[in-house]
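These are the residues of each chain, in order.
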Amino acid sequence: MDMKVYGEAQGLPREVDNYFVDEPEAGRFNVHRDLFRDEQLFELEMEHVFEASWVFLCHESQVPDADDYLTTFIGRQPVVVLRDQAGELNAFLNVCPHRGTRLYTARAGNSSVQMCPYHAWCFDSAGKNVKLKDEELGHYTPEYAGENHDLIPIGRLQSYQGFVFGALPGDVPELEDYLGDTRFFIDTFAQQSEQGMEILPGEVSYTYDANWKMQVENTMDIYHLTTVHATFAKIVAGRQERELAAAGADKVKAVDLNSLSSVASGTYTFDHGHTVFWGTDPGQENRALWASRDDLIARGVDQLTVDWMFRPRVINYFPNLQFVDSASLQLRVIRPLSAQKTEMTMFCLAPKGEPKEGRRRRLRQYEDFYNATGIATPDDVACYEDISRGGLAVKSEEWIQGFARGMEKVVAGPDELASEIGIQPLHSCSGVRVQDETVFRGFYREWRDRMRAATGGEK
Ligand SMILES: [Fe+2]
């Protein structure tokens, strides 16, 4: 079979390596603007980034009971995650094998038998075909009746701490190896309750007119806080003044972004393109978890892990999952729709069995900052779309500037904090007001390696 080779033969204007200038020794790292606007590149990245390895699908708390299902996508492929009657999770392409009709049309639900709306073939929650309509009337050959008409499983499905990932091909690394040392950060969420985490009811979904990588960058980007979220910072400052004036008033505060951008912070990059930001929260007593800190120690969670639970932190899992613990704990799932259209779905994540006051605080802080209705998200989205309307519309300019701030602070391997918790990042960067942009390189290098391998080069 001929190997499928992309590149100039497919009309791409340049080889994959030429979409980057990666010369850290010369102080340069640049990304070509076509990564954010070229539809042909988009097709390739859907195939070789999203559809070729692990992507996040859902959290187990979204499908807790037998016959629960949840529909989602791996790249452009529709997928359904099902819990069967034995309690096992499975994932299948969400299409009837007969004609390919979409089978589960709702976002989520509970169904012991799902009927295809076209010719009424029926499937149980283990994906097994339990009825071919009118089979008893005959007219099928014995060969056809003997073929497999079950749902088509995806290649791999694995969970870590209840977070479910899937891959279309079967030959991908074990999930634990894919997540690597970033598992420590998932543990800082999962260990907040002996019962694990849960996604709270309700989800918010919206689209924006810009590339999906804008969202990847923005979530790790602390440099933008003091400009884009100046409004939020002013509101928080105003509340503090009013609280001082009215002692005894409700003091459910969100993180003070003014403080967050001026204290020690840092970033890590890991194998497979995962990246981490951490900060310092001078107002950690306002956090939902604060009242439970003694209980955490009492039930054996080590002090270092507890300390990390109170650091603002962002974990970006290549390619489509983001944990954001700043104003509250949010899970963000990225679904690219085209080179310049992206769907975001967001959830509030919480420890199961959280005390009532903590849960109230979490929800109020969550709705304050996040979501299309919060004080922060619309300002971010306006920036992404202005980049599409502005800089990306200018074809004569090839290179995006940036990815440079923090360069003087980057070290290969772990820094002191990483060594303390025993993790091995590829790069570390930390300092006061460092607002590091070099962390994005980890993501882009993984993107480049995946695309390079897919276009016939060595990874
Ligand atoms: Fe932002």
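Residues numbered from 1 in each chain as written. Predicted model: local features only at pLDDT ≥ 70, side-chain atom pairs only at ≥ 80, totals over all residues. Heavy atoms only, no water.

Asker: Describe the coordination of the iron ion, with residues and values.
Answerer: Only His224 (NE2), His229 (NE2), Asp380 (OD) and Asp380 (OD) from the protein coordinate the iron ion, and they sit 2.0 to 2.5 Å from it. For the iron ion, the four donor atoms in the first shell make angles of 56 to 146° at the metal, a pattern classed as irregular. Site description for the iron ion: donor spacing in sequence, H-x4-H-x150-D. Pair noted here: His229 is in the loop between α6 (225–228) and α7 (230–245) and Asp380 is in helix α12 (residues 377–389), with a separation of 151 residues, a long-range link. Judged by relative accessible area, which is 1%, His229 ranks as buried. For Asp380, a relative accessible area of 9% puts it in the buried group. (Donors = N, O, S within 2.8 Å, 3.2 Å for Na, K, Ca; no water. Tetrahedral: all angles 85-135°; square planar, octahedral: opposite > 155°, others 65-115°. Helix = DSSP H or I, 4+ residues; strand = E, 2+ residues; numbered from the N terminus. Buried < 20%, exposed > 50% of the residue type's maximum accessible area, 1.4 Å probe, protein only.)

Asker: Can you break down the confidence of the model for the protein chain residue by residue, with the values?
Answerer: Residues shown with low pLDDT carry predicted positions that ought not to be read at fine detail. Scored by pLDDT, the protein chain comes out at a mean of 90, with 92% of its residues at no less than 70. Counting contacts from residues 1–9, a segment whose pLDDT is below 50, to residues more than four positions away or on other chains yields 11 contacts. (pLDDT = per-residue confidence, 0-100. Contact = heavy atoms within 4.5 Å.)

Asker: Which residues make up the nonpolar core, and what values do they have?
Answerer: Counting residues in hydrophobic clusters, the biggest one holds 96 residues, and the most contacted among them are Tyr268, Phe323 and Tyr444. A domain split of this core shows at least three residues from each of domain 1 (55–159) and domain 2 (180–454). (Core = buried A, V, L, I, M, F, W, Y, C linked by side-chain atoms within 4.5 Å. Domains from an automatic or database assignment.)

Asker: Let's hear about unusual backbone geometry: which residues, and what values?
Answerer: Pro319 follows Phe318 through a cis peptide bond whose omega is 0°. Positionally, Pro319 belongs in the loop between β17 (313–317) and β18 (321–325). The phi angle at Gln161 is positive, at roughly 50°, despite the residue not being glycine. Mapped onto the elements, Gln161 comes out in the loop between β11 (156–160) and β12 (163–167). Looking at Gln161, the relative accessible area reads 35%, which means it is partly exposed. Residues other than glycine seldom take positive phi values, yet His272 does so here, at roughly 70°. A relative accessible area of 23% means that His272 is categorised as partly exposed.

Asker: Tell me what's going on with the packing of aromatic side chains, and back it up with residues and numbers.
Answerer: Enumeration over the complete set of coordinates arrives at 29 aromatic pairs. Where Phe29 meets Phe403, the ring centres are 6.0 Å apart and the plane angle is 65°; that geometry is what we call edge-to-face. Of this pair, Phe29 sits in strand β2 (residues 28–32) while Phe403 sits in the loop between β21 (399–400) and β22 (410–412); the two residues are 374 residues apart in sequence, bridging distant segments of the chain. Of the residues examined, Phe403 reaches a relative accessible area of 2% and is grouped as buried. Where Trp278 meets Trp308, the ring centres are 6.2 Å apart and the plane angle is 75°; that geometry is what we call edge-to-face. With Trp278 in strand β16 (residues 275–278) and Trp308 in helix α10 (residues 303–309), this residue pair connects regions lying 30 residues apart in the sequence. (Phe/Tyr/Trp six-rings, centres within 6.5 Å; stacked < 30°, edge-to-face > 60°.)

Asker: I'd like a description of empty space enclosed by the protein, backed by residues and values.
Answerer: Scanning all chains against the criterion turns up four cavities of 30 Å³ or more. For the second largest cavity, the calculated volume is near 90 Å³. If you go around the second largest cavity, the residues you meet are Gln192, Arg287, Ala288, Leu289, Met309, Phe310, Asp325, Leu329, Arg362 and Gln365. Among the residues forming the lining of the second largest cavity, the class breakdown is five nonpolar, two polar and three charged. (1 Å grid on protein atoms, 1.4 Å probe; cavity = no way out; pocket = protein on both sides within 12 Å on 5 of 7 lines; lining within 4 Å. Points joined across faces, edges and corners; volume = space filled by probe spheres on them. Nonpolar A, V, L, I, M, F, W, Y, C, P; charged D, E, K, R; others polar.)

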